[in-house]
Amino acid sequence: MTQVVSKRSGSDADDVVLLAVPASPAYLGVLRTATAGLAARLQFTLDEIEDLRIAVDEACAMLLAVASETPQLGDTVELACRFTVTADALTVETSVPLGSPTERLPGGESFAWQVLSALADEVSAAVDGLQARIRLTKRRPK
């Protein structure tokens, strides 16, 4: 099930868009398209938009590789994506549930991590309990 929530509170507040899709490569196109649309709102160049699309795709692929195969409470395992649009940046935080707290994301030396670091201005990852997260930020060109 795909879920979309957008919230904005006040004229100077950030826009937040939440998407949750089944944790399957078949749904990554939805997240790439959302990324491109939101980046276009910030007037990113076509190259910067494509870089962000690739970065989100790579982050999601890393998360899918460690995602739990066991649905919780009979639900489909979801890949969640939180887009935060500010006046000067787009931050994308992706997350999936883990099967065990011992699961780990690829290290900073991995090719996938090098790709993320080259395509986004800020990149971080964390495993918190049974949840893995990757956060990317791309700043608007000045």
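Residues numbered from 1 in each chain as written. Predicted model: local features only at pLDDT ≥ 70, side-chain atom pairs only at ≥ 80, totals over all residues. Heavy atoms only, no water.

Colleague: How should I be thinking about the nonpolar core in this particular structure?
Modeller: Burial of nonpolar side chains together is a common tendency in soluble globular proteins. In this structure, Leu31, Leu79, Phe83, Leu90, Leu116, Ile134 and Leu136 are the most contacted members of the largest nonpolar core, which totals 40 residues. It is helix α2 (residues 46–66) that provides the largest number of residues to this core, a total of 10 residues. With sequence-adjacent residues up to four places away left out, Leu79 is seen in contact with Leu19, Ala20, Val21, Pro22, Ala23, Leu28, Leu31, Cys60, Leu63, Leu64, Ser95 and Val96. (Core = buried A, V, L, I, M, F, W, Y, C linked by side-chain atoms within 4.5 Å. Buried < 20%, exposed > 50% of the residue type's maximum accessible area, 1.4 Å probe, protein only. Helix = DSSP H or I, 4+ residues; strand = E, 2+ residues; numbered from the N terminus. Contact = heavy atoms within 4.5 Å.)

Colleague: Whenever I open this one, the pattern of salt bridges confuses me. Can you help?
Modeller: Side chains carrying opposite charge are able to pair once their charged atoms draw close together. Taken as a whole and judged by the stated rule, the model has 6 salt bridges. Arg135 is the salt-bridge partner of Glu93, the closest N and O atoms lying 3.6 Å from each other. Of this pair, Glu93 sits in strand β4 (residues 89–97) while Arg135 is found in strand β6 (residues 131–139), placing the two residues 42 residues apart along the sequence. Look at Glu93 and you get partly exposed, because its relative accessible area is 22%. With relative accessibility at 40%, the residue Arg135 sits in the partly exposed group. With a shortest N-O distance of 2.3 Å, Glu122 and Arg139 are connected by a salt bridge. You can see Glu122 sitting in strand β5 (residues 122–128) and its partner Arg139 sitting in strand β6, a full 17 residues away along the chain. Each of Glu93, Arg133 and Arg135 takes part in a single network of salt bridges with overlapping partners. (Salt bridge = Lys/Arg side-chain N within 4 Å of Asp/Glu carboxyl O.)

So far we have only geometry, and geometry alone does not tell us how the molecule works.
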